[in-house]
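# Structural characterization, general
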Amino acid sequence: MSRLEILNLAGLRHDNRRPYELRSLALSLSPSPTADGSAQVTQGLTTVQASVFGPREPRQRAAAAHDKASVVVEVGVVPWAQGQGGSRSRGDKRLLEIGAAIRQTFEPVILTHLYPRSEITVQVQVLAADGGILPTAINAVTLALIDAGISMLDYVTAVSVGLHLKQAMLDLSAPEESDLPTLVVAALPESGRVTLAQMETRLHVDRFEEMLRLGVAACSVLKEEMEAAVKQRTTRVVERMAISAKGAAKDD
Amino acid sequence: MAATATAASTSAIPEITILKRHREDLPLAQNKFLKKTAKGKVLQFLRERYVRDDIPCGFSACALCNEFPGYRAVLPQRGYARHSKFTGKNGHWLVIDTNVVLHQMDLLTALPPQLPIIVPSTVIRETRHRSLPLFNRLQQLVLDEDRCVWVWWNEERRETATFGVEENEVVNDRNDRAIRQTLHFYPKHLSESAHEAPDLILLTDDRRNRELANAEGLIATSTRDYVDGLQGEVRDRLVDLVVGGVDEREPTDRRARRIYDEETLNVGVKSGRFLQGHFNADQYNYLEGTVRCHGMSKPVLLVGRQAMNRSVDGDLVAVELLPKEEWKAPGDEVLDQDIALKDDDVEGDEGADSEAIKEKEERMDTAEVTKKAPKEVLPTGRVVGIMKRNWRAYVCHIDRSSLSEAALTSLSQQTIFATPLSRALPRIRLRTRQAPALLDQKILVNIDSWSVNSRYPDGHFVRALGKVESKEAEQESLLLEYEVPYRPFGKAILNCLPKEGDSWVVPEKKPENLEWRDREDLRDLLICSIDPPGCQDIDDALHARVLPNGNIEAGVHIADVSHFVHADNPMDSEAASRGTTVYLVDKRIDMLPELLGTNLCSLRPFVERLAFSVIWELSPDAKIVNVRFTKSVIASKEAFTYAAAQQRKDDKALKDPLTDSIRLLNSLAIKLKAGRIAAGALSLSSPELKIHLNSTESTAPIDVEQKEQLETNSLVEEFMLLANISVARKIQEAYPATAVLRRHAPPPKTNFEALQDILQKRKGMTLDVSSSKALADSLDLCIDPELPEFNTLVRIMATRCMLAAEYFGSGSVSKEAYGHYGLASEIYTHFTSPIRRYADVLVHRQLSAAINYTPLHPTLQSKQHVERALNVVNKRHRLAQMASRASVEFYVGLALKSRTEGTTNNAVREEAFVIRTFRNGLAVFVSKLGLEGLITFKHDTHEFDPENYLINVPTPNGGSKQIAVFDRVKVDISIEKDPNTQRGKVVMTLVEPVSSVGL
Ligand SMILES: [Zn+2]
């Protein structure tokens, strides 16, 4: 069978997106009732759920820092998640790398000094994989942390940026990811600060800067969506609280 | 790599959007794919798909679409009106289906440019899937600014995107439905933008599709009917180009013959029910072929027409294995289709009886052989379908016997046979009005179709190349046959050359001259080049000198081609598609324009040239202490021929430093070679011949001789190998995913089984193929004191058991598979001949980036791009070798012809060696001429012992004489012209030990 055409004559990608179009985005907050905070993010056919436990007493005392909270990240993939994720166990090297990248991304952003001698555990579950596991996971973790009420400097949002010949393109699907040099950018859109820029191939510095800029811009677009989702939910919660408060007042 | 940085947002960022899915799009949102893993598990994959509203319709006056930025609407307000059948007042546009592209490409490119054509994207996608050459031609057609060809992105635009497969619908029907959507869309869309659309006419040769279109109220026509209705000169010009009759696509007995539709084939291949591979026709026996399939250690054998099922050499086919008890051994008879089928009637499809008998006989024979020598048996199968045709234009002769007496002068259209030059191809049936004029010409023929009910494919005449055996026709046909691009370099390409032309020189060494930036000045080194006589494109030069610490500095300096050829400009694209320079006996077809190849890049002596240098510090026993790579400027002190360098080295009276450095290089080369041999490098052999041309005027060469190997040949070779290996390591380290490397996979052990058995039985020798080292050692032991040529013969036969070396991107295979078997090196690439090989140019660019001299062009970061480029280079490389060989063969034939003239029996007597025995003949190899030939016995008076590879031939005095593989025999070689095809044929007859005349 002939291979994937990255960009066709019309300048469209294999799924008919243009280079700077992100895949459809669906956000849901608190899908898991047992966690202190949770969120599920779907970008295209990639779905990741993140659950946050804590701040709570460290499970291992030795790991605790006296002046700040420690952040623990665990990543798992459900066996039926297709594509690159495949069926992998928790110990898999690639998953450990994703876990490390997530921890590295969030440690400087969570106001850990507010929670000394405690631990914040983040569990990431990849439910469906079609490229961009790491950026989608980062987006889900941000929402889960907000859901858990943990203080952060700003939203952290993330996106993948690929390079096809001279054309940069955003939010790669699995087949694109396997063919193109890929950069994962995580940023604090408010300040434009980049907390993660990860890639596996060497790129020329000019291209790198261009891709990074594009990635940061895409991160701001994502942040707007996420902020809207959080606000909408807060409004709902407030409404509900108001209703129950009214109810309670009646009972008095 | 990870970094924390603040991105500077200076330049404008393009608009970034998140696509939203509408609820009604959901059924369109995903495509399902099946994929087989390496372990054979079938997985289902989902791929996402979006549909768009922002794709323009291409109509120049459309009010709805004219706001989409940056596109050129090519569809004119009025359609084409010069047609006698379609006479709508606004004229008409054509919409074409995939089969029209696949079968009528020559016609499409000849249609009047004013005729607007809409190509649905379904057609583009299907064509890309079915045939890459046709896809490229279609793309050219679309991009041609003089035409009105418009792509309608039907699957991409919401209104015409099709939902998954309907019930009972096969892929073909679904695609036809998708194409018809396009014809519904335009009138509706244009009426919304307040315009009257021209009529849309669906051009399709599929009757069912036309019927469905008519039922939906659309207009549809066949190609033949459409062309028939064109007017005047246009019609006359196009009528001959229409391929085939109409509606030949629906055979009656598909199921009975086990011919499956595309979808069943795809699923079958994925599930492992069918195997997939390229069809290889047997050169000796036209009723047999083989298919090498992934995961099978032996090729799958196909016996008989039914099993081959209309496959043509090179086609990608799906094969179903027969039950094991039906497996067969390859036939041991020579079957020449020219002779066996000479009585076939062009019009009829009933085979001549002789063939049926032959087929039957052969089956009996194979049954016998199967019993006798079970290990010869191959997995046997039948072709159940063609996955992808690999047809191209073929060079042919007209078969005179297919013309009736009356037809020899008639100018009416008639059906005739064309016999392809290549023995691996079937005869092609074609219709032409010019038969008499083409009789002694070489002609180019395209295959169009091969219907289930026919023994022969149908084709059409493209053009005449010239008279048979004229130098021009032979040369051009050879270039065409091996697909060598030979057109002169165009203006856009020549514009990429330095504007100073041949007065370009290395500028003065000053900081402001960019050429000198980061370049080492090596002009004072005693560098020289060593090449064959008359070499104009000097790729490489060398030097060596003793260092104060007793070690030796050695350098290989390669023409800095990538300084002149920049990635992605027209010159680079042309070089990429040529892939390699092709050397024919009397012509060189350059990869790069001559100004670069033989002048500006060529490391000529006594002038300054830009180079890319690899410089080692070697210990006195030739071990690498360290290596560095640098761009440089050199001034070669001398351009030697191999012979001149050898002479200089051997002349004890000479004590000058340049001679000493040649001696130094030579002594190192000897140690390097010893080291390689110890590691298991093979010294293989293929006959290399040199043709002496006596003058450019006459085509007859004076003589043929084998090339001589000097010590200095080996000197250059060793250092080139060393440079290539050092560079390979460096670029692999810098670009682990996309480094351009070259590998030679170890041959499957089964490849050697036949040779091992022959050696064992004929000579009592064993060939150990457990490793390249073991093979090299046991080849050294294959010596017969009575037959000095025996060792070379075995090496030639062993070489034929090897796989071909190939270029690959380092990310496409695992590191364990990088190895080069023949060279016994764990990594290898080509760096040393960038003037004549494109892979070397890519390697230069990667090395240049790896030492931070230039940034790496993005194309060389893309795995996909590197792989695609290397696929082309691999193919070109293989074809170039075949073309060179064919060119040598042609001249050997001419040399033979001139030598046979005036002899009593018009033949040359030569010594030959038997390399194969058949039931009805022998294959022999004439090493002096590098020529392989067949001796066939017409009568059945001999005994054939296939198990012991021998034949007992009766002698005139009533006794018998044994002839076996490896025996030395004498043969008479003559050239005979086949009266039917005009093809010159080498004919050999056995003279000693027994004359084969009358056998
Ligand atoms: Zn329009």
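Per chain, residues are indexed from 1 in the order of the written sequence. The lettering of chains begins at A and the numbering of ligands begins at 1, in the order of writing. For a predicted model such as this one, the threshold for reporting local features is a pLDDT of at least 70, and the threshold for listing and counting side-chain atom pairs is 80 or more; totals across whole chains, interfaces and linings nevertheless cover every residue. Each side-chain value is worked out from all heavy atoms of the structure, with water and hydrogens disregarded.

## Considering the overall build of chain A
Labels follow the DSSP assignment, with helices taken as runs of H or I lasting at least four residues and strands as runs of E lasting at least two, numbered in each case from the N terminus. Along the backbone of chain A there are four helices and 10 strands. When the helices and strands of chain A are placed in sequence order, the string is β-β-β-β-β-α-β-α-β-β-α-β-β-α. Three labels apply to residues, based on accessible area from a 1.4 Å probe with only protein chains included: buried if under 20% of the type maximum, exposed if over 50%, partly exposed otherwise in between. By the burial criterion, 55% of the 252 residues in chain A qualify as buried. The long-range share in chain A, meaning contacts at least 24 apart out of those at least 6 apart in sequence, stands at 68%. Reported accessibility uses the Shrake-Rupley method at a 1.4 Å probe radius. Residues are deemed covered only where the shown protein chains occlude them. Counting every atom, chain A has about 10700 Å² of accessible surface; 51% of that belongs to carbon and sulfur. Contacts are assigned to residue pairs that have any heavy atoms within 4.5 Å of one another.

## Quick word on helix α21 (residues 753-763) of chain B
Residues and elements named next belong to chain B. Among all positions of α21, only L755, D757, I758 and L759 are buried. Taken together, the buried residues of α21 touch α23 (790-799). Trailing α21 by a residue or two, G764 shows a phi angle of about 65 degrees, which is positive.

## Considering the coordination of the zinc ion
Each pair of donors in an ideal four-coordinate tetrahedral metal site encloses 109.5 degrees, whereas pairs in an ideal six-coordinate octahedral site enclose 90 or 180 degrees. Residues and elements named next belong to chain B. Note on the zinc ion: its protein donors are C57 (SG), C62 (SG), C65 (SG) and H189 (NE2). The metal-donor distances range over 2.0 to 2.3 Å. The donor set comprises N, O and S atoms within 2.8 Å of the metal, extended to 3.2 Å for Na, K and Ca; water molecules are omitted, so apparent gaps in a site may simply reflect that omission. The geometry test gives tetrahedral to four donors whose angles all lie between 85 and 135 degrees, gives square planar to four donors and octahedral to six donors whose opposite members are over 155 degrees apart with all other angles between 65 and 115, and gives irregular to the rest. Geometry at the zinc ion is tetrahedral, judged from its four donor atoms and the angles of 103 to 113 degrees they form at the metal. Sequence positions of the donors to the zinc ion reduce to the motif C-x4-C-x2-C-x123-H. Note that C57 is positioned in the loop between β4 (42-48) and β5 (92-96) and H189 in helix α5 (residues 171-192), a separation of 132 residues in sequence. Like H189, C57 is buried.

## Remarks on the environment of S778 of chain B
Residue and element names in this part refer to chain B. Locating S778 in the fold gives a position in helix α22 (residues 772-780). Accessibility expressed as a relative area gives 8% for S778, which makes it buried. Sequence spacing of S778 and M765 is 13 residues, and the spatial spacing of their C-alpha atoms is 8.9 Å. Ignoring any residue separated from it by four or fewer positions in sequence, one finds S778 in contact with T766, L767 and D768. Distance and chemistry together define a polar contact, namely a pair of N or O atoms within 3.5 Å, with one atom able to donate a hydrogen and the other to accept it when in protein, and with adjacent residues in sequence counting only for side-chain atoms on both sides. Within the structure, S778 has its side chain in polar contact with the backbone nitrogen of D768 (distance 3.1 Å).

## Details of the pairing of strand β17 (residues 428-432) of chain B
Residues and elements named next belong to chain B. In terms of burial, β17 is a largely internal element, four of the five residues being buried. As paired strands, strand β16 (residues 414-420) and β17 are joined by five bridges and run antiparallel to one another. Within the sheet, the bridge partner assigned to A418 lies in β17 and is I428. Being paired, for any two strands, means DSSP has found at least two bridges between them.

## Here's the deal with the sheet that holds strand β2 (residues 25-29) of chain A
Residue and element names in this part refer to chain A. Read across the sheet, five strands follow the order β2-β3-β4-β6-β5 without closing on themselves; strand pairing throughout is mixed. If you trace the sheet from one side to the other, it starts and ends with β2 and β5 (70-77), each paired once. Each strand axis lies, on average, 15 degrees off the axis of its neighbour in the sheet, ignoring direction. Inspection of the sheet shows strand β4 (residues 46-56) paired to strand β6 (residues 119-128) by eight bridges, in the antiparallel sense. Axis definition: a line fitted to C-alpha atoms, over the contacting stretch in the case of helices. Angles run 0 to 180 degrees between N-to-C directions.

## Quick word on the pattern of salt bridges
The term salt bridge refers to a pairing of a side-chain nitrogen on Lys or Arg with a carboxyl oxygen on Asp or Glu at a separation within 4 Å. For the coordinates displayed, the defined rule picks out 64 salt bridges over all chains. Taking the shortest distance from any N to any O, the salt bridge between E190 of chain A and K223 of chain A comes out at 2.7 Å. Here K223 of chain A lies in helix α4 (residues 205-251) and E190 of chain A lies in the loop between β9 (182-188) and β10 (193-199), a separation of 33 residues in the sequence. By relative accessible area, which is 62% here, E190 of chain A ends up exposed. For K223 of chain A, a relative accessible area of 7% gives the class buried. Among the ionic pairs, E826 of chain B bridges to R729 of chain B, the shortest N-O distance being 3.4 Å. Note that E826 of chain B is positioned in the loop between β32 (806-809) and α24 (838-850) and R729 of chain B in helix α20 (residues 711-734), a separation of 97 residues in sequence.

## Notes on the confidence of the model for chain B
Parts of the model with low pLDDT should not have their predicted coordinates read in detail. All names here are of chain B. For every residue, the pLDDT score states the predictor's confidence, bounded by 0 at the bottom and 100 at the top. For chain B, mean pLDDT is 82; residues scoring 70 or higher make up 85% of the total. With pLDDT under 50 throughout, residues 1-10 is counted as low confidence; its partners more than four residues away or in other chains account for 23 contacts. Taken together, the stretch residues 245-258 has pLDDT below 50 and engages in 21 contacts with residues farther than four places along the chain or on a different chain. This prediction of the complex comes with two scores: 0.62 for pTM and 0.89 for ipTM.

## With respect to the interface of chain B and chain A
On the side of chain A, 58 residues touch chain B, which itself brings 58 residues to the contact. Between chain B and chain A lies a buried interface of about 5000 Å² when both sides are counted; carbon and sulfur atoms form 57% of it. Among the salt bridges present, the one from R52 of chain B reaches E21 of chain A, with a minimum N-O distance of 2.6 Å. Connecting chain B to chain A are nine residue pairs in polar contact (both at pLDDT 80 or more). Secondary structure elements with two or more residues in the side of chain B that touches chain A: β1 (5-6), β2 (17-18), β4, α3 (121-130), α4 (132-143), α24 and α25 (863-900) of chain B. The biggest single contributor to the side of chain B that touches chain A is β4 of chain B, with five residues. The residue inventory of the side of chain B that touches chain A, partitioned by class, reads 27 nonpolar, 17 polar and 14 charged. As paired strands, strand β1 (residues 21-22) of chain A and β2 of chain B are joined by two bridges and run parallel to one another. Looking at the pairing, L22 of chain A lines up with I18 of chain B of β2 of chain B. In this description, buried area is defined as the sum, over both parts, of the accessible area (probe of 1.4 Å) that is lost when the two are combined. Here the term charged refers only to Asp, Glu, Lys and Arg, the term nonpolar to Ala, Val, Leu, Ile, Met, Phe, Trp, Tyr, Cys and Pro, and the term polar to all other amino acids, Gly among them.

## Examining the side chain of R876 of chain B
Residue and element names in this part refer to chain B. Summarising the element assignment, R876 is placed in helix α25. Among buried Asp, Glu, Lys and Arg side chains, R876 stands out as unpaired, with E483 the closest opposite charge at 4.9 Å. Once residues lying within four places of it in the same chain are set aside, the contact partners of R876 are E483, P485, S577, R578, G579 and T580. Here the positive residues are Lys and Arg and the negative ones are Asp and Glu; neither His nor the chain ends is included.

## A look at helix α2 (residues 133-147) of chain A
The terminal C-alpha atoms of α2 of chain A, which comprises 15 residues, lie 21 Å apart, in line with the 21 Å expected from a rise of 1.5 Å per residue. Phi turns positive one or two residues past the end of α2 of chain A, at G149 of chain A, with a value near 75 degrees. Expected span, for any helix, means 1.5 Å times one less than how many residues it has.

## Thoughts on the packing of aromatic side chains
When we look at a pair of aromatic rings, we describe it by the centre distance and by the angle of the planes. Residue and element names in this part refer to chain B. Between 30 and 60 degrees the pair is tilted, below 30 it is stacked and above 60 it is edge-to-face, where a pair is any two Phe, Tyr or Trp rings, Trp via its six-membered ring, whose centres lie within 6.5 Å. One pass over the structure, following the stated rule, counts 12 aromatic pairs over all chains. With a centroid separation of 6.3 Å and 55 degrees between ring planes, the pair formed by W616 and F719 is classed as tilted. One end of the pair, W616, is in strand β26 (residues 608-618); the other, F719, is in helix α20, with 103 residues separating them in the sequence. Per residue, the accessibility class of W616 equals that of F719, and both read buried.

## Digging into the side chain of Q646 of chain B
In this fold, Q646 of chain B is placed in helix α18 (residues 642-650). Apart from residues no more than four positions distant in its own chain, Q646 of chain B is found in contact with L710, E711 and T712 of chain B.

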